[in-house]
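Overview (structure and organization)
Below are the chains, spelled out letter by letter.
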Amino acid sequence: MSEKRIETLRMIVGSHPILLNDSRRVDIVRELQRVIETKRIAGGDRWLLQVLHTTRALDTCLSRVVAQRGWTVQKPSLGAYLVKLSAKGVIVEHQRRHWQDTLVQPRNTYMHSANQMPPQRGADDLLDEMDACMSIVLAAV
Amino acid sequence: MSRTNTIRGLIETLSTEGEALAYPDHPLVLDGPSLLTVVKTVLTASFVYTRGSRPASSVAEQARVLLARLAYPGHTVFEAIFEHDSVPESVDLGLFDSYRVMTPQSLSQPDGDDAARARVALAVESLREPHFARFAANQQGAFKDHPEGARASFTQFSPSGTPRYKFVDTGPLSLTAQVPKGTRALTISRIQRVAETFTAHDYGLGWGVSALFDVAGAVDGDYYLEQHPLRAQLTFESERIGIDANKPLRAAQFAGGLVKSAW
């Protein structure tokens with residue numbers, strides 16, 4: 001995980017017009033800051049915390065983008081936000097499917113299943129996909 | 001003064017105004033701005049030109065800036081910072097919103113033409129949607145072939161007289177760019193050069209910024225670019241060193257390359 005990547009995203013989120021007046025903007029920025037702070041932690045626990053903080057930032061970011069656009073989802077979840085963003089043309093359907101497969105499902109596995117850890121390559125890919133998802137959505141709205 | 005010290009000095013100066021980050025890492029941009037700053041919620045991407053830098057007005061440099069403009073959100077201000085002895089005679093802002101001049105003691109306030117800036121911003125925003133549509137289409141090519149995600153594999157390129165890349169005609173509307181074997185850093189550099197070539201070709205850069213406006217006008221409501229991808233046969237193996245190993249591939253797709261990986 002690149003600290004510069006997180007700092008870049010933090011600055012983009014913190015200044016984005018769609019989130020400037022949103023009550024959760026500060027929370028998203030703070031969550032990304034927590035990703036950077038995990039560098040003080042050693043071992044596998046650091047990765048799990050990176051995923052936790054990154055996914056919380058992503059979830060809240062997408063939920064607030066959807067809300068700021070005046071769109072609603074029946075049952076809030078990362079998958080539901082991606083469905084709404086696809087339906088509204090912010091992302092396309094195959095991107096939604098890709099992130100459902102490479103982001104939502106593995107994230108759910110590692111967040112909810114005891115002692116489940118991916119290989120290092122899988123861990124890096126999950127975090128990078130979250131970053132890419134956030135940056136692509138924020139560039140498109 | 002070395003470039004490193006120049007950047008460091010700018011960080012110190014800009015940090016007094018707000019937040020400043022040297023060499024930001026954006027998931028879609030291989031060679032982006034030198035600096036990213038936030039001052040009172042205004043996000044600015046700064047490209048720094050020192051003695052020996054590629055000219056800001058060069059086609060390749062315009063392509064580099066345009067790719068960054070499309071990748072970063074539309075509210076981002078793009079500025080050029082020139083060292084006092086590197087200011088071009090005619091400051092053609094091209095795709096920049098403003099420029100500043102840096103001396104050893106100070107950094108000038110941003111300057112530029114508001115009307116020109118508005119025109120550039122409008123042209124870029126007109127290109128954003130079709131550009132991202134083509135990016136998505138390019139990704140689909142990779143996803144469809146390799147549903148587990150876009151991975152890169154390795155293809156040996158002729159070692160003798162290896163160019164940075166070469167183009168091969170593969171159809172009436174498409175070219176293939178073959179990137180030779182190299183280290184990750186060298187491969188990234190070569191892919192960036194290919195990306196700049198694609199972008200310059202797609203958007204008519206080198207014919208003046210007015211050509212960009214013509215393209216923007218032509219693609220408005222029309223997925224021209226989606227129908228005319230440039231196909232890049234990019235095969236490379238990136239070293240897994242704990243950072244975003246798929247970024248070169250993703251950035252190449254963002255720049256218009258349909259990446260074919262040979263498995």
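Here we look at the overall build of chain A
Assigned secondary structure in chain A consists of 6 helices and 0 strands. Against the compact-globule benchmark of 14 Å for 141 residues, chain A has a radius of gyration of 14 Å, which places it among compact chains. When the backbone C-alpha atoms are referred to their principal axes, chain A occupies close to 40 × 30 × 20 Å. Taken across its 141 residues, chain A has 54% of its residues classed as buried. Here the contacts in chain A between residues at least 6 apart in sequence split such that 57% fall between residues at least 24 apart. Carbon and sulfur atoms make up 46% of the accessible area of chain A, which amounts to about 6300 Å² in all.

Some words on the packing of aromatic side chains
Taken as a whole and judged by the stated rule, the model has 10 aromatic pairs over all chains. Here the aromatic rings of Trp47(A) and Tyr110(A) are separated by 5.7 Å at their centres, their planes lie at 80 degrees, and the arrangement is edge-to-face. In this pair, Trp47(A) is assigned in helix H3 (residues 44-68) and Tyr110(A) in helix H5 (residues 93-112), connecting sequence segments 63 residues apart. The burial state of Trp47(A) is the same as that of Tyr110(A); both residues are buried. An aromatic cluster is defined as three or more aromatic residues linked by ring pairs; in this entry it consists of Phe47(B), Tyr49(B), Tyr72(B), Phe78(B), Phe82(B), Phe96(B) and Tyr99(B).

Let's talk about the pairing of strand S2 (residues 35-39) of chain B
Residue and element names in this part refer to chain B. With 4 of 5 residues buried, S2 lies mostly within the body of the structure. In this structure, strand S1 (residues 19-22) lies alongside S2, joined through 4 bridges in antiparallel fashion. In the sheet register, Ala22 faces S2, and the bridge partner there is Leu35. Across 5 bridges, the pairing between S2 and strand S3 (residues 42-49) is antiparallel. Looking across to S3, one finds that Val38 is bridged to Leu43. If you look at the hairpin formed by S2 and S3, you'll find 2 residues sitting between the two strands, and Lys40 has a positive phi there, around 50 degrees.

Side note on helix H2 (residues 25-37) of chain A
Residue and element names in this part refer to chain A. An ideal rise of 1.5 Å per residue puts 18 Å on 13 residues; H2 measures up with 19 Å between its terminal C-alpha atoms. Considered for burial, the residues of H2 that qualify are Ile28, Val29, Glu31, Leu32, Val35 and Ile36. Looking straight down H2, one finds that the buried residues subtend no more than 155 degrees of arc, so they occupy a single side. Lining the buried residues of H2 we find helix H1 (3-15), H3 and helix H6 (120-140).

Digging into H1(A)
Taking 1.5 Å of rise per residue, 13 residues should cover 18 Å, and H1(A) covers 18 Å from first to last C-alpha, within 8% of that figure. Among the 13 residues in H1(A), 11 count as buried, and that is most of the element. Of the surrounding elements, those touching the buried residues of H1(A) are H2 and H6 of chain A together with S1, S2, S3 and helix H7 (247-254) of chain B. Between the side-chain oxygen at the start of H1(A) and the backbone nitrogen of Lys4(A) there is a gap of 3.3 Å, and the oxygen is on Ser2(A).

Here's the deal with the packing of helix H2 (residues 59-71) of chain B against helix H4 (residues 184-203) of chain B
Geometry of a packed helix pair, given as the angle between the helix axes and the separation of the axes. All names here are of chain B. Interhelical geometry of H2 versus H4 gives an angle of 90 degrees and a closest axis separation of 8 Å. As far as their axial angle goes, H4 and H2 are roughly perpendicular. Where H2 abuts H4, its residues Val59, Ala60, Ala63, Arg64, Leu66, Leu67 and Leu70 lie against Gln192, Ala195, Glu196, Thr199, Ala200 and Tyr203. Residue composition of the contact of H2 with H4, grouped by class: 9 nonpolar, 2 polar and 2 charged.

Re the sheet that holds strand S4 (residues 77-83) of chain B
Residues and elements named next belong to chain B. Read across the sheet, 5 strands follow the order S1-S2-S3-S4-S5 without closing on themselves; strand pairing throughout is mixed. Looking along the sheet, the strands with just one partner apiece sit at the ends: S1 and strand S5 (98-102). Direction aside, neighbouring strands of the sheet carry axes that sit 25 degrees apart on average. Together, S1, S2, S3, S4 and S5 form the strand contacts of helix H1 (residues 3-15), whose direction differs from that of S1 by roughly 165 degrees.

Criteria and thresholds
Residues numbered from 1 in each chain as written. Chains lettered and ligands numbered in written order. Predicted model: local features only at pLDDT ≥ 70, side-chain atom pairs only at ≥ 80, totals over all residues. Heavy atoms only, no water. Helix = DSSP H or I, 4+ residues; strand = E, 2+ residues; numbered from the N terminus. Rg over C-alpha atoms; globule rule 2.2 N^0.38 Å. Buried < 20%, exposed > 50% of the residue type's maximum accessible area, 1.4 Å probe, protein only. Contact = heavy atoms within 4.5 Å. Areas by Shrake-Rupley, 256 points an atom, 1.4 Å probe, with all protein chains shown as cover. Phe/Tyr/Trp six-rings, centres within 6.5 Å; stacked < 30°, edge-to-face > 60°. Pairing = 2+ DSSP bridges. Expected span 1.5 Å × (residues − 1). Arc of directions from axis to C-beta. Polar contact = N/O pair within 3.5 Å; in protein donor to acceptor, adjacent residues only side chain to side chain. Axes fitted to C-alpha atoms, helices over the stretch in contact; angles between N-to-C directions. Parallel < 35°, antiparallel > 145°, perpendicular 65-115°, else oblique. Nonpolar A, V, L, I, M, F, W, Y, C, P; charged D, E, K, R; others polar.

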